[in-house]
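Chain by chain, the residues:
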Amino acid sequence: MMPPNDDGLYHDEVGSWTKDKYRLVSLYDELFSTGMKGKWTRVYVDLYSGSGLARVRNTSRFLWGSPILALTVRDPFDKYVFCEKSEDSLRALRARVQRLAPAADVSYVQGDCNDGIEEICALIPSASTSQRVLSFCFVDPYDISTRFSTVRRVAEHYVDFLFLLALYMDANRNAAHYADPGNQKIDDFLGRADWRERWAEAQGEGKVFPRFLAEEYASQIRTLGYRPVPFHKMKQIRSDEKNLPLYHLALFSRSDLAYEYWDQVLKYGNPQRDFPF
Ligand SMILES: C[S@@+](CC[C@H](N)C(=O)[O-])C[C@H]1O[C@@H](n2cnc3c(N)ncnc32)[C@H](O)[C@@H]1O
């Protein structure tokens, strides 16, 4: 793949730990797209796609963003759907895709993915007796504003999810505020309002809010027919400078094979180890 450089278009600014996220996500993209090739029509959905290029803050180092990583795998997906709220980001992404992967089948949705979820789902090809469709949906927000109703709607398809759970940056900082009964934020995130009683109990047992929320999330996703995911299978990403936890990457699937891929990602996703291809 072409090395990422400043191309004069709008780009995102990220912390240096973002390279860890990109490494894990691109390993999973590779395993999924190659492993499912020929068996399924493979669809990549990025609900928070960004501009496709990011500069590491206070450096001149550039990194490809998640849409470009997914487009440049060895065995590209059959279809891509990119949603992005910011017009500037989406314009830059379109130009990059045109330059780097002009032949790819790509659809763009500009706006809030929660509001645009029907439009997004309509772009996922329908399954039929002659076409089995399997999607991989990357959900990478800055905060916990992805509504569970959005996830539930996507999960009406056959789809694996990789979530960035921004449990420290957003949820932990605002825990007291969000626990206020008048505040709907976590109700919308979890798709249920009865978590406050369980949080009071968990707090009594010494549990911290990010872990509580991660486990609540996994149990909610389970109600959609997904396999159970224990907390230790969620990959914690920490900031390089202060070594503070920032978020967890969590894979959710209805198939054991996806978890085998995820285990490989966790094994080879360590920068000290080389991936075997
Ligand atoms: C963490 S960045 C994601 C970057 C990208 N996934 C990557 O890894 O390169 C979050 C992106 O989501 C966009 N965004 C924020 N809220 C959104 C929403 N409700 N719907 C869609 N995009 C949103 C932001 O403009 C930003 O580009």
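In this report, we go over the structure that sits alongside the text. (Residues numbered from 1 in each chain as written. Predicted model: local features only at pLDDT ≥ 70, side-chain atom pairs only at ≥ 80, totals over all residues. Heavy atoms only, no water.)

### Describing the site of the ligand
Turning to step 1, where the next piece is worked out: If you check the shell around the ligand, you find 17 residues, and the closest are Tyr 22, Tyr 48, Ser 66, Glu 84 and Asp 140.
Turning to step 2, where the next piece is worked out: With respect to the ligand, the side chain of Tyr 22 contributes an N or O atom lying 2.7 Å from an oxygen atom.
Turning to step 3, where the next piece is worked out: Within the side chain of Ser 66, an N or O atom sits 2.9 Å from a nitrogen atom of the ligand.
Turning to step 4, where the next piece is worked out: Burial of the ligand by the protein amounts to 89% of the accessible area it has alone, namely 610 Å².
Turning to step 5, where the next piece is worked out: When grouped by side-chain class, the residues that make up the shell around the ligand number six nonpolar, five polar and six charged. (Near = heavy atom within 4 Å. Polar contact = N/O pair within 3.5 Å; in protein donor to acceptor, adjacent residues only side chain to side chain. Areas by Shrake-Rupley, 256 points an atom, 1.4 Å probe, with all protein chains shown as cover. Nonpolar A, V, L, I, M, F, W, Y, C, P; charged D, E, K, R; others polar.)

### A closer look at the sheet that holds strand S8 (residues 159-165)
Within a sheet, each strand pairs with its neighbour through backbone hydrogen bonds, oriented either parallel or antiparallel.
Turning to step 1, where the next piece is worked out: In space, the seven strands of this open sheet follow the order S6-S5-S2-S7-S8-S10-S9, with mixed pairing throughout. Each edge of the open sheet carries a strand with a single partner, namely strand S6 (106-110) and strand S9 (235-238). Geometrically, the sheet is characterised by an average inter-axis angle of 15° between neighbouring strands, direction not taken into account.
Turning to step 2, where the next piece is worked out: The pairing of S8 with strand S10 (residues 245-252) spans five bridges and is antiparallel. Bridge assignment links Phe 163 to a residue of S10, and that residue is Ala 250. (Pairing = 2+ DSSP bridges. Helix = DSSP H or I, 4+ residues; strand = E, 2+ residues; numbered from the N terminus. Axes fitted to C-alpha atoms, helices over the stretch in contact; angles between N-to-C directions.)

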